[in-house]
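Here's the letter readout for the chains.
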Amino acid sequence: MRWSNQAWTNIAPLYDHIIAMPFIQELKAGTLPLKKFQFYMQQDARYLEHFGRVLAYIGSKSTENDQAIQFFDFGKNALIVEKALHETYFKQFKVVDAHEDSAIQPICHHYIHFLKSTAAFEPIEVAVAAVLPCFWIYKEVGDYIVAKAQPNNPYQAWIDTYSGEDFAEGVKKAIAFADKMAENSTEDIRIQMWQAFEKASQLEYQFWDAAYHTIRWKE
Ligand SMILES: Cc1ncc(CN)c(N)n1
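Residues numbered from 1 in each chain as written. Predicted model: local features only at pLDDT ≥ 70, side-chain atom pairs only at ≥ 80, totals over all residues. Heavy atoms only, no water.

Asker: Explain the side chain of Lys 139 to me, and be specific about the residues and the numbers.
Answerer: Structurally, the position occupied by Lys 139 is in helix α6 (residues 124–148). Taking the relative accessible area as the measure of exposure, Lys 139 reaches 17% and is therefore buried. Those residues in contact with Lys 139 that sit more than four places away from it in its chain are Tyr 162, Phe 167, Ala 168 and Val 171. (Helix = DSSP H or I, 4+ residues; strand = E, 2+ residues; numbered from the N terminus. Buried < 20%, exposed > 50% of the residue type's maximum accessible area, 1.4 Å probe, protein only. Contact = heavy atoms within 4.5 Å.)

Asker: Break down the site of the ligand for me, citing the residues and quoting the values.
Answerer: In the vicinity of the ligand, the residues found are Asp 44, Tyr 47, Leu 48, Phe 51, Cys 134, Tyr 138, Tyr 162, Glu 204 and Phe 207. Within the side chain of Asp 44, an N or O atom sits 2.6 Å from a nitrogen atom of the ligand. One nitrogen or oxygen atom from the side chain of Glu 204 is found 2.8 Å from a nitrogen atom belonging to the ligand. Elements with a contribution of two residues or more to the shell around the ligand: α3 (34–61), α6 and α9 (187–212). Considering each element in turn, the shell around the ligand owes the most residues, four residues, to α3. A breakdown of the residues in the shell around the ligand according to their chemical character gives seven nonpolar, no polar and two charged. (Near = heavy atom within 4 Å. Polar contact = N/O pair within 3.5 Å; in protein donor to acceptor, adjacent residues only side chain to side chain. Nonpolar A, V, L, I, M, F, W, Y, C, P; charged D, E, K, R; others polar.)

Asker: Go over the packing of aromatic side chains with me, naming the residues and quoting the values.
Answerer: Enumeration according to the criterion identifies 25 aromatic pairs in this entry. Its end group placed over the ring of Tyr 212, Lys 36 keeps NZ or CZ at 4.1 Å from the ring centre. (Phe/Tyr/Trp six-rings, centres within 6.5 Å; stacked < 30°, edge-to-face > 60°. Lys NZ or Arg CZ within 6 Å of the ring centre and 35° of its normal.)

Taken by themselves, the reported measurements are silent on function.
Okay, here's the thing in structure tokens:
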């Protein structure tokens, strides 16, 4: 069995919980309250600017040039999506961009720093596994929502970002890199990769949950 098949099998129950979350169900129905989506947008923009840098950092640590180029590209794309959030969706959904409103809140903070510390202190295989749910879960959730979305969904344009062919291509490549690295690695590293993949998947869950409940630092 490929490393990625086992990785997805490990998180399958969690993925079912993600699909059932009110944030995802209401996003799909187009009934998600704007305030919750605005909080999500603010946090996601902050997440993406750090996520892009983590991907570029993984690129810089890659010994194979093809992998380095690909991760630099992934990093660049994350920052392009972040820019699109500001130029399009922040305006469309009237998201406040003032510093005090868009401060990084606890779950986003933890997710960013989990990825950064994994990239900095763990083997590169583990770092690649840690960033993989950011690709794979979004693709699966994007496909699920698009297949079931209600007509005239106010969030449709944003949903389409994660269900398109371009995004799917990137996801395939990221999974293939993780599989290749796992194959050329030890069982001990493969286990660490599964653990990192599972932790990041849990953080994807927490990220949407925090947006739904607008979880902020205590004053
Ligand atoms: C929290 C989070 N994770 C993943 C993605 C998709 N790259 C995202 N936009 N935000």
